[in-house]
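What follows is the residue order along each chain.
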Amino acid sequence: MNGFLLIIIGAVLMAPIRSAHASQAPLTARVKITVSGLRAPKIIAEYRLSRSVSRLHFSREANGLRTDIWRMITTGLKVRKDEVISTTGKPFDHFRVAVSPKTRLMHLNYVAVNHFSDHGVSLFTGYFNIAGPPKNTTFSFRSVHHRALLHGIAVSPAQSFSPVRDGTFVYFGDLEPQSTSSSVVLLDPSLPAWMHSELAAEVPQVINFYTDRYGVKLPARPFLLFSRYQQTNSQDYAYQGDALEGTISFVFTGAGWKHPTIRNKGHLAKLIAHELAHQWNAALYVPARFESNGGSWLSEGQAEFSATATAEHFGWLSAGAALRHYTDLINQCLQASSSKPIRDQNHDDRAIYGCGVTFNLLAQAALERHRPPHGFFDLWRAIYAAAARNGGTYSTQTYVDNLARLSGDKGLAKMVSELVTKSAVGKSRDITHALTRLGFGIKSITAANHDPELGKASAVPLFEAIMRGDCDGAVSFYTRANDLAVAPLKRCHALNKPYVVTAIDGRHLFAEGIAAYGAVKSQCAANHPVQLTVKGRRKPIAVSCPAHIPSVPDMVELTSLPWTNAPVAKPGGSKVLGGPRVWIGERP
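Residues numbered from 1 in each chain as written. Predicted model: local features only at pLDDT ≥ 70, side-chain atom pairs only at ≥ 80, totals over all residues. Heavy atoms only, no water.

Undergrad: If you had to explain the sheet that holds strand β2 (residues 42–53) to someone new, which residues and values would you point to?
TA: On the basis of which strands lie adjacent, the open sheet formed by five strands has the order β4-β7-β2-β1-β10 and mixed pairing. Single-partner strands in this sheet number two, and they are β4 (70–72) and β10 (137–143). Taken pair by pair, the neighbouring strands of this sheet meet at an average axis angle of 25°, ignoring direction. Looking at chain direction, strand β1 (residues 29–36) and β10 are connected through seven bridges and run parallel. By the bridge assignment for β10, isoleucine 33 is matched with phenylalanine 141. (Pairing = 2+ DSSP bridges. Helix = DSSP H or I, 4+ residues; strand = E, 2+ residues; numbered from the N terminus. Axes fitted to C-alpha atoms, helices over the stretch in contact; angles between N-to-C directions.)

Spelled out as structure tokens, the structure:
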């Protein structure tokens, strides 16, 4: 009511300059995206603005992506990073840009263009949104040689779409979506046959399982797109899942997905369950002030723990593989920065996924101990119910309050609250103590460790320090099953080529990853460079010692879970869980 009165008063008092005030109405844009061509799709985006501007900023930062793949067609304008500017100073209200169909995986961002084997493509509309609320950008889609699918339904150029939040994925092509009572699925024919059969069973099972456990039915059937590209002879494999409200895009890369191995089946199931969890968490219910208040650990930690527990529940992931995965994520959390609270580490995977899963793992143990016993899904069912009463949002406090109420463990709730909102100093001590108190079987990791998965977790921070010293503070590499691959940057010195590193100072990655710390310290103390063993080279590469050699990270190994009666058998090293390519720092 007060706001309404202010508007009326303002209208009366400011009447003499109403025309000037009206010119400051929110800028809106109508965007028509046209895709034509078959094997080499031509993508054109045409903008019509509600008023003339000399500079147009876009809402989503894209790390230079627009400069790479957008080419201005309209004269007198140019694309510069995340904006379009007039090169003559003359205002504009209309322009056309050509969008290159080239693609790449995006770290902590959505893939711009996905390719399908039928020569169709899907586009993420979020990169086309102008600055301001998403609804200020209205889209229409035209496919010259194919059809356009929005949320799995064919749309005509006469129809318009305004995003509610980030945007969505729109498919241009001829593939026929598979419709069920719970979802609409678009499968690339080039995906291995085993993936087709697994997905046909897993997608509806996970949706029905979550609907039952959370007590909330999704307002509409989600549209899931599965594509594949870069089908090289390499046995590496990678994936990316991009979840938006009502739509999820999955990309699979590498020939390593070809066979239905235990590793591949486990990763596929966990990926599906993770992204589907986001249809509830981050789509239907959202952490309050998601970016500014550090809410990523709430959504990502919940989705990853949910995915692991669900995949194990259905037998898609072995108990041993799940235990190993929990170990890896706890160690990521232990390695996250202790200099600032978790909510201030909203773009660090170690805090988002590692600590997010660790807190939910501890919560599960505390909930199981309470009488009557509760579990992880009971906790989140209560959080979602609270969010529904609060306009669809929840917070760290919502999590902490419901954890304390359902588990009776106020000490654990207080620990989580303080690590997230106040200080992460003492994080390793607090988490290790909580694991022991709640009945987890754990043991410390020493330099005698020869487990390649645990060695990988320790070697990554060391190599990060080495590359940061060589590349003037920047890092760009990814982990693979048995080695580290450098994605060189212009500022790098010795690491100026796409080397595949297999050992540090003669200590093998990853079986001797912890022992490598001592070797590097000894070499650097004697003023000798670090020696990196590289595939395809007979002699190691000499890299200058980093300015700071990190300490061996705090690490533990889980040997049993408190809600099982016996220790869980090890999954057999990397053969079971392995590990997708994980990007660190900048992306090339």
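Undergrad: Now, about the packing of helix α4 (residues 193–214) against helix α9 (residues 376–388): what can you tell me, with residues and values included?
TA: The geometry of α4 relative to α9 is characterised by a closest axis approach of 8 Å and an angle of 70° between their N-to-C directions. What the angle tells us is that α4 and α9 run roughly perpendicular. On the side of α4, the interface is formed by Phe209, Tyr210, Asp212, Arg213 and Tyr214, while α9 contributes Phe377, Trp380, Arg381 and Tyr384. In terms of residue class, the contact of α4 with α9 is built from six nonpolar, no polar and three charged. (Parallel < 35°, antiparallel > 145°, perpendicular 65-115°, else oblique. Contact = heavy atoms within 4.5 Å. Nonpolar A, V, L, I, M, F, W, Y, C, P; charged D, E, K, R; others polar.)

Undergrad: Tell me about the nonpolar core, and please be specific about residues and values.
TA: Of all hydrophobic cores here, the largest spans 86 residues; its most connected members are Tyr210, Phe226, Phe359, Trp380 and Tyr399. Residues Ile43, Leu49, Ala62 and Val184 belong to the second largest nonpolar core, which totals 51 residues. (Core = buried A, V, L, I, M, F, W, Y, C linked by side-chain atoms within 4.5 Å. Buried < 20%, exposed > 50% of the residue type's maximum accessible area, 1.4 Å probe, protein only.)

Undergrad: Account for the pairing of strand β18 (residues 247–253), with residues named and values stated.
TA: Most of β18 is tucked away, with seven of its seven residues classed as buried. Burial along β18 is two-sided: the face carrying Thr247, Ser249, Val251 and Thr253 and the face carrying Ile248, Phe250 and Phe252 are both buried. Pairing of strand β17 (residues 238–244) with β18 involves seven bridges; the strand directions are antiparallel. The residue bridging alanine 238 from the neighbouring strand is threonine 253, located in β18.

Undergrad: If you had to explain unusual backbone geometry to someone new, which residues and values would you point to?
TA: For the peptide bond that leads from arginine 371 to proline 372, omega is 0°, which places it in the cis range. Within the secondary structure layout, proline 372 lies in the loop between α8 (349–369) and α9. Along the chain, leucine 509 connects to phenylalanine 510 via a cis peptide bond; the corresponding omega equals 15°. The topology assignment puts phenylalanine 510 in the loop between β25 (507–508) and α14 (515–525). Phi is positive for aspartate 472, which is not a glycine, with a value near 55°. Among the secondary structure elements, aspartate 472 is positioned in the loop between α13 (452–470) and β22 (476–479). Note on aspartate 472: relative accessible area 52%, which makes it exposed. Even without being a glycine, asparagine 527 presents a positive backbone phi close to 60°.

Undergrad: Provide a residue-level description of the side chain of glutamate 300, including the pertinent values.
TA: Take glutamate 300: it is sitting in helix α6 (residues 296–313). We note that glutamate 300 is buried and unpaired, the nearest opposite charge coming from lysine 270 at a distance of 11 Å. A polar contact of 3.0 Å, which involves the side chain of glutamate 300, links it to the side chain of histidine 274. Setting aside chain neighbours within four positions, we find glutamate 300 in contact with His274, His278, Ile352 and Tyr353. (Lys, Arg positive; Asp, Glu negative; His and termini not counted. Salt bridge = Lys/Arg side-chain N within 4 Å of Asp/Glu carboxyl O. Polar contact = N/O pair within 3.5 Å; in protein donor to acceptor, adjacent residues only side chain to side chain.)

Undergrad: So, the packing of aromatic side chains: which residues are in play, and what are the values?
TA: According to the stated counting rule, one finds 39 aromatic pairs in the structure shown. Taking 5.2 Å as the distance between ring centres and 80° as the angle between the ring planes, the aromatic pair formed by phenylalanine 116 and tyrosine 171 counts as edge-to-face. Highlighted residues: phenylalanine 116 in the loop between β8 (113–115) and β9 (121–124) and tyrosine 171 in strand β13 (residues 169–173), separated in sequence by 55 residues. Here phenylalanine 116 and tyrosine 171 have matching classes, each one buried. Aromatic pair phenylalanine 139 and phenylalanine 141: ring centres 5.9 Å apart, planes at 5°, arrangement stacked. Look at phenylalanine 139 and you get buried, because its relative accessible area is 1%. Note on phenylalanine 141: relative accessible area 3%, which makes it buried. When the ring centre of tryptophan 70 is taken as reference, the NZ or CZ atom of arginine 66 above it lies at 5.7 Å. (Phe/Tyr/Trp six-rings, centres within 6.5 Å; stacked < 30°, edge-to-face > 60°. Lys NZ or Arg CZ within 6 Å of the ring centre and 35° of its normal.)

Undergrad: Please set out the packing of helix α7 (residues 319–335) against α8 residue by residue, giving values where relevant.
TA: α8 packs onto α7 with a crossing angle of 120° between their chain directions and a minimal axis gap of 7 Å. As judged from the angle between their axes, α7 and α8 are oblique. α8 is crossed by α7, and the crossing has left-handed handedness. For the pair formed by α7 and α8, the contact residues are Tyr326, Leu329, Ile330, Gln332, Cys333 and Gln335 on the first element and Asp349, Arg350, Tyr353, Gly354, Cys355, Val357, Thr358 and Leu361 on the second. (Left-handed = near helix turned anticlockwise from the far one by under 90°.)

Undergrad: So what about the state of the cysteines? Which residues, and what values?
TA: Applying the stated criterion across every chain yields a total of three disulfides. Between the sulfur of cysteine 333 and that of cysteine 355 lies a disulfide, 2.1 Å long from S to S. With the S-S bond torsion at 95°, the cross-link from cysteine 333 to cysteine 355 turns out right-handed. Of the two residues, cysteine 333 sits in helix α7 while cysteine 355 sits in helix α8, which places them 22 residues apart along the sequence. (Disulfide = S-S within 2.5 Å.)

Undergrad: I'd like to hear about helix α10 (residues 396–407), residue by residue, with values.
TA: A rise of 1.5 Å per residue sets the reference length of α10, with its 12 residues, at 16 Å; its end C-alpha atoms lie 16 Å apart and thus fit the reference within 8%. For α10, the complete set of buried residues consists of Thr396, Thr398, Tyr399, Val400, Asn402, Leu403, Leu406 and Ser407. Of the surrounding elements, those touching the buried residues of α10 are α6, α8, α9, β20 (393–394) and α11 (410–421). Directly beyond the C-terminal end of α10, a positive phi value near 75° is found at glycine 408. (Expected span 1.5 Å × (residues − 1).)

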